Amino acid sequence: MSYVDEILERVIAQNPAQPEFHQAVKEVLESLRVVIEADEDKYRKEALLERLTTPERVILFRVPWVDDKGQVQVNNGYRVQFNSAIGPYKGGLRFHPSVNLGIIKFLGFEQVFKNSLTSLPIGGGKGGSDFDPKGKSDREVMAFCQSFMTELCKHIGADTDVPAGDIGVGGREIGFLFGQYKRIRGLYEGVLTGKGLTYGGSLARTEATGYGLVYITQELLKDKGMDLAGKTVCVSGAGNVAIYAIQKAQQLGAKVVTCSDSTGWVYDPEGIDLDALKEIKEVNRARLTEYKKYRPNSEYHEGRGVWQIKCDIALPCATQNELFIEDAKQLVANGCIAVCEGANMPTTLDATKYLQDNGVFFIPGKASNAGGVATSALEMSQNSERLSWTFEEVDQKLQGIMTNIYKNINAAAKRYGKENDYVTGANIAGFEKVLEAMLAQGVC
Ligand code: NDP
Ligand code: 2IT
């Protein structure tokens, strides 16, 4: 059996009931097959793929806290420190009831390659909890965050592991987490990114993932002789990534006609009203049902359905496995040109294949949403030099990083005879640097 197939079997056998982790590993290893099989004996002897697919460390912990009724609640806490070959572990924290170890491992594994693609010195990690911030008071969120950090602070630090936000973790949560870290460890250091601007945060970090996604989409279109201006765009999600993707796409002249949350979706044929969306989601923390009050001509539908709407560009920005094969077929039938992932692994493997086989340009999340973590790394640099850069400086660097990622994944795909296959390009380009660093550091 080939080394790649052997490891795919091993990952499934050793990590039962973790389908998202299997899915992420399968996608990466299928892409790396060409690289590994060119020198299979060497990599097998080095147990390179066993090391690549086994986290360096997994931390599981209990998070007890007291709700507003005086009831003690208990959640599960996770931090997966996946790979530190090229820098300290870096990656977000997700607070969502669906969180389990398999999901955090898939996200940590993806993060290793994504962080490598940024060309900045950051390793891969991810963490989170099954805590649901929805419907909780600020005091309850603070009580949870303080308890979560009381344990997590033993395992992180500005030079070891630097968490940030993800689903359910935004500025409010990062503030509570930072306060508790400082209080227990007595260190005022850049241990988290996505911080508020008054205590070490970076300008443009809030916007970075969504902006970066649109910058790389524009780069792809330019390379193909097209432009985002005048294009119709469908976005899913209505959180941090979705909101700033919509903003940048609109600034570049596109018309964004959809967004969604976990209960339903909006179709606004005249273009999403971003101020309304921000007020609903960022200020009121409310549901998308509110949108119709601001825009009576828009449609609100329960459930999922964003990908039915005819568009040139699709930007899935909600969560994993939210774009299925039926959606891919609909997008192709509607003449979609490109799908660029804002979320992590939003497209299923068969949907990805269908899109690629039918000539839709497809950029995977580890390349197209890397602007967020890249700007986190820029926040770390600013914290280290105890200076802060202007919005324009950070935004310029972000644009440069996204352009560079596009060039690198495009070149890697071409080098292996897979032109336009940006999944293969991203996995190989991300892997190459990690591989070299791992081999240079010996057996560890
Ligand atoms: P937010 O919590 O800000 O927003 C998430 C959005 O997705 C919300 O609209 C939420 O709906 C919806 N959503 C979440 N889970 C589900 C679900 N199970 N089913 C349907 N809808 C869902 O998170 P972000 O915008 O930060 O993250 C979105 C995606 O982008 C995630 O995949 C994340 O890993 C990825 N990402 C985030 C980065 C960042 O910097 N924040 C960087 C790179 C990737 P509702 O409002 O109802 O909860
Ligand atoms: O998935 C991701 O890249 C993030 N949630 C951002 C991680 C970070 O460290 O900024």
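Residues numbered from 1 in each chain as written. Chains lettered and ligands numbered in written order. Predicted model: local features only at pLDDT ≥ 70, side-chain atom pairs only at ≥ 80, totals over all residues. Heavy atoms only, no water.

Engineer: So, the sheet that holds strand E6 (residues 232-236): which residues are in play, and what are the values?
Structural biologist: Strand order in this open sheet of seven strands is E9-E8-E7-E6-E10-E11-E12, and the pairing throughout is mixed. Single-partner strands in this sheet number two, and they are strand E9 (299-302) and strand E12 (361-363). Taking each pair of neighbouring strands and ignoring which way they run, the sheet shows an average axis angle of 15 degrees. Alignment of strand E8 (residues 264-267) against E9, held across four bridges, turns out to be antiparallel. Residue pairing across strands places Val 266 opposite Tyr 300, the latter belonging to E9. Packed on one face of the sheet, helix H8 (residues 205-223) meets strand E10 (313-316), strand E11 (338-340) and E12 and runs near 150 degrees to E10. (Pairing = 2+ DSSP bridges. Helix = DSSP H or I, 4+ residues; strand = E, 2+ residues; numbered from the N terminus. Axes fitted to C-alpha atoms, helices over the stretch in contact; angles between N-to-C directions. Contact = heavy atoms within 4.5 Å.)

Engineer: Tell me about the packing of helix H6 (residues 138-152) against helix H7 (residues 171-185), residues and numbers included.
Structural biologist: It is the contact of H6 with H7, at a shortest axis distance of 8 Å, that shows an interaxial angle of 45 degrees. When the axes of H6 and H7 are compared, the pair comes out oblique. Classified by chirality, the crossing of H7 by H6 is right-handed. Taking contact as the criterion, the partners of Asp 138, Val 141, Met 142, Cys 145, Gln 146, Phe 148, Met 149 and Thr 150 in H6 are, on H7, Arg 172, Glu 173, Phe 176, Leu 177, Gln 180, Tyr 181 and Ile 184. (Parallel < 35°, antiparallel > 145°, perpendicular 65-115°, else oblique. Left-handed = near helix turned anticlockwise from the far one by under 90°.)

Engineer: Outline the site of ligand 1, supporting the account with residue identities and numerical values.
Structural biologist: Around ligand 1, a shell composed of 26 residues is seen, among which Asp 166, Thr 209, Ser 262, Arg 287 and Asn 344 lie nearest. Here an oxygen atom of ligand 1 sits 2.7 Å away from a polar atom, N or O, in the side chain of Thr 209. Side-chain polar atom of Lys 281 to an oxygen atom of ligand 1: 3.2 Å apart, as the coordinates give it. Those elements that provide at least two residues to the shell around ligand 1 are H8 and helix H9 (240-251). Its residues assigned to classes, the shell around ligand 1 comprises six nonpolar, twelve polar and eight charged. (Near = heavy atom within 4 Å. Polar contact = N/O pair within 3.5 Å; in protein donor to acceptor, adjacent residues only side chain to side chain. Nonpolar A, V, L, I, M, F, W, Y, C, P; charged D, E, K, R; others polar.)

Engineer: Break down the side chain of Ser 368 for me, with residues and values.
Structural biologist: Here Ser 368 lies in helix H14 (residues 365-368). Looking at Ser 368, the relative accessible area reads 0%, which means it is buried. A distance of 3.3 Å separates the side chain of Ser 368 from the backbone oxygen of Ile 363, its partner in a polar contact. For Ser 368, the residues in contact, after removing those within four places along its chain, are Gly 212, Leu 213, Ile 216, Cys 340, Glu 341, Ile 363 and Met 402. (Buried < 20%, exposed > 50% of the residue type's maximum accessible area, 1.4 Å probe, protein only.)

Engineer: Account for the site of ligand 2, naming residues and giving values.
Structural biologist: Around ligand 2 sit 14 residues, and of these Lys 90, Lys 114, Asp 166, Arg 205 and Ser 376 come closest. A distance of 3.0 Å is found between an oxygen atom of ligand 2 and a side-chain nitrogen or oxygen belonging to Gln 111. Contacts to ligand 2 include Asn 344, whose side-chain N or O atom sits 3.0 Å from an oxygen atom. In isolation ligand 2 exposes 290 Å². Once the protein is present, 94% of that is buried. For the shell around ligand 2, a count of residues per class yields two nonpolar, seven polar and five charged. (Areas by Shrake-Rupley, 256 points an atom, 1.4 Å probe, with all protein chains shown as cover.)

Distances and angles like these do not, on their own, reveal function.
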